[in-house]
Amino acid sequence: MSHRPNKARHNIRLAFFLAAILSGVAGSPAIAAEMSPWDDGLQSSVRLIAARTKGEGAERVHRAGIEFKLNAGWKTYWRYPGDSGVPPSFDFSKSENVKSAEVLFPAPMRFPDGAGGNSIGYKKALVLPVHVVPNDPAKPVMLRLKLDYAVCEKLCVPAEANLELKLTGTDKANDATIGAAEGFVPKASTVGDSGPFAIRAVHRASGSKPKILVDVAAPAGTTPMLFAEGPNAQWALPLPEPVSGAPAGLQRFFFALEGLPPGESGKGATLRLTAVAGDKAIEAGYRLD
């Protein structure tokens, strides 16, 4: 007597098995919508993650994040990379139902670039928040990103990723992750603010070369850092360095007004100054008159 299963019965079992798999996949759309697959590079990986929206109606904003994983010892760059490096580039043009997509940068750090200078960027894990305004707030967003970036250890390696994620506005698994990254984005401030963490004053110093002096008040127990950017990517200002001479309770920073585009005097341009102290960060504009 044969114990081989009947072919028809075998096919029925196979059909039920496949149906169970497909049912499990179809039954978990929320998991699929909360993050895209990792796009792996040589020394890094990147993906999109989603969080709940903020605002209602015409004020509705979808919240997403560009999440990076970096191999040990590798770094990636801020929007202004400093003495060397490559800033990330974002192309959302293939997205659907997107009026605008703004990438926000949490406060960075500085690190030696291996060539005698310093770069500005991030180590280890990183999430760049993305705030998306839809054309039609009543419809979901299909966010598609072509990302070009670089990672660096002793040498820099270019990387790219093509990412896609549907934003429904109801996904909440990554709320804490994206919220933490949003919390470390520098807060808008004004030169001359009097709070415990503030860019108190900016001075033009006379001499053979124009110089900028910036006085920063920082919370007790923190060591502030300062970064300076020009009004566009053609500017390449030096990294501000701490110097003595500030009033009591303040840290003074100095940088030469160098790295301007050819033929540019700087008059009328607005510099962006970003101060970082502990887990807090602020930024303020300073007009060159």
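Look up a bit, the structure's there.
It should be emphasised that the depicted structure is a prediction, and the values quoted were computed from it without experimental measurement.

Now for the overall build of the chain. Secondary structure summary: the chain contains three helices and 19 strands in total. Contacts in the chain between residues far apart in sequence, at least 24 positions, make up 65% of those at least 6 positions apart.

Taken in spatial order, the five strands of this open sheet run β1-β2-β3-β9-β6, and their pairing is antiparallel. The sheet terminates laterally at β1 (39-40) and β6 (100-103), the two strands that pair on one side only. The sheet contact formed by β1 and strand β2 (residues 44-54) spans two bridges and is antiparallel. Within the sheet, the bridge partner assigned to D39 lies in β2 and is V46. The sheet contacts of helix α3 (residues 175-183) involve β2, β3 (61-70) and β9 (126-133), and relative to β2 the element is tilted by about 95°.

Taken together, four strands build an open sheet; the order of strands is β13-β14-β17-β16 and the sheet is antiparallel. Edge strands, defined here as strands with exactly one partner in the open sheet, are β13 (198-205) and β16 (241-243). The mean angle between the axes of side-by-side strands here comes to 30°, regardless of whether they run parallel or antiparallel. Sheet analysis places β13 next to strand β14 (residues 211-217), joined by seven bridges and oriented antiparallel. The partner of A205 across the bridge, within β14, is K211.

Moving on, we come to unusual backbone geometry. Positive phi values are uncommon outside glycine, yet N97 reaches one of about 60°. Residue placement: N97 occurs in the loop between β5 (89-91) and β6. Its relative accessible area of 18% is what places N97 among the buried residues. Although it is not a glycine, K124 adopts a positive phi angle of roughly 60°. Position of K124 relative to the elements: it lies in the loop between β8 (118-123) and β9.

Under the criterion given, the structure shown has four aromatic pairs. Here the aromatic rings of Y77 and F111 are separated by 6.4 Å at their centres, their planes lie at 45°, and the arrangement is tilted. Of the two residues, Y77 is situated in strand β4 (residues 75-82) and F111 in strand β7 (residues 109-112); the sequence distance between them amounts to 34 residues. We classify Y77 as buried; its relative accessible area is 2%.

Turning next to the side chain of D171. Here D171 is to be found in the loop between β11 (156-167) and α3. R60 provides the closest opposite charge to the buried, unpaired D171, separated from it by 9.1 Å.

Tracing the chain through its elements places A159 in strand β11. In this structure the C-alpha to C-alpha distance between A159 and L42, which are 117 residues apart in sequence, comes to 8.0 Å. Those residues in contact with A159 that sit more than four places away from it in its chain are L147, D148, Y149 and A150.

Once that is clear, we can look at the side chain of S44. Tracing the backbone through its elements, the reader meets S44 in strand β2. Judged by its relative accessible area of 4%, S44 falls in the buried class. Within polar-contact distance, the side chain of S44 engages the side chain of Y149 at 2.8 Å. In contact with S44, not counting residues within four places along its chain, are D39, K69, L70, Y149 and V151.

With that settled, consider the nonpolar core. With 36 residues, the main nonpolar core has V46, I66, F68, L128, L143, L147 and L167 as its most contacted residues. Where this core is concerned, the elements lending two or more residues are β2, β3, β4, β8, β9, β10 (141-152) and β11. A total of six residues in this core trace back to one element, the largest contributor, which is β10. For L128, the residues in contact, after removing those within four places along its chain, are A64, G65, I66, F68, F90, V103, L104, F105, P106 and Y122. I212, L271, A275 and L288 belong to the second-largest nonpolar core, a separate cluster that totals 23 residues.

Looking now at the pairing of strand β18 (residues 270-277). Within β18, six of the eight residues are buried, which leaves the element mostly enclosed by the surrounding structure. As judged from the eight bridges shared by β18 and strand β19 (residues 280-287), these two strands associate in the antiparallel manner. Bridging from a neighbouring strand, L271 pairs with Y286 of β19.

What counts, and where the lines are drawn
Residues numbered from 1 in each chain as written. Predicted model: local features only at pLDDT ≥ 70, side-chain atom pairs only at ≥ 80, totals over all residues. Heavy atoms only, no water. Helix = DSSP H or I, 4+ residues; strand = E, 2+ residues; numbered from the N terminus. Contact = heavy atoms within 4.5 Å. Pairing = 2+ DSSP bridges. Axes fitted to C-alpha atoms, helices over the stretch in contact; angles between N-to-C directions. Buried < 20%, exposed > 50% of the residue type's maximum accessible area, 1.4 Å probe, protein only. Phe/Tyr/Trp six-rings, centres within 6.5 Å; stacked < 30°, edge-to-face > 60°. Lys, Arg positive; Asp, Glu negative; His and termini not counted. Salt bridge = Lys/Arg side-chain N within 4 Å of Asp/Glu carboxyl O. Polar contact = N/O pair within 3.5 Å; in protein donor to acceptor, adjacent residues only side chain to side chain. Core = buried A, V, L, I, M, F, W, Y, C linked by side-chain atoms within 4.5 Å.

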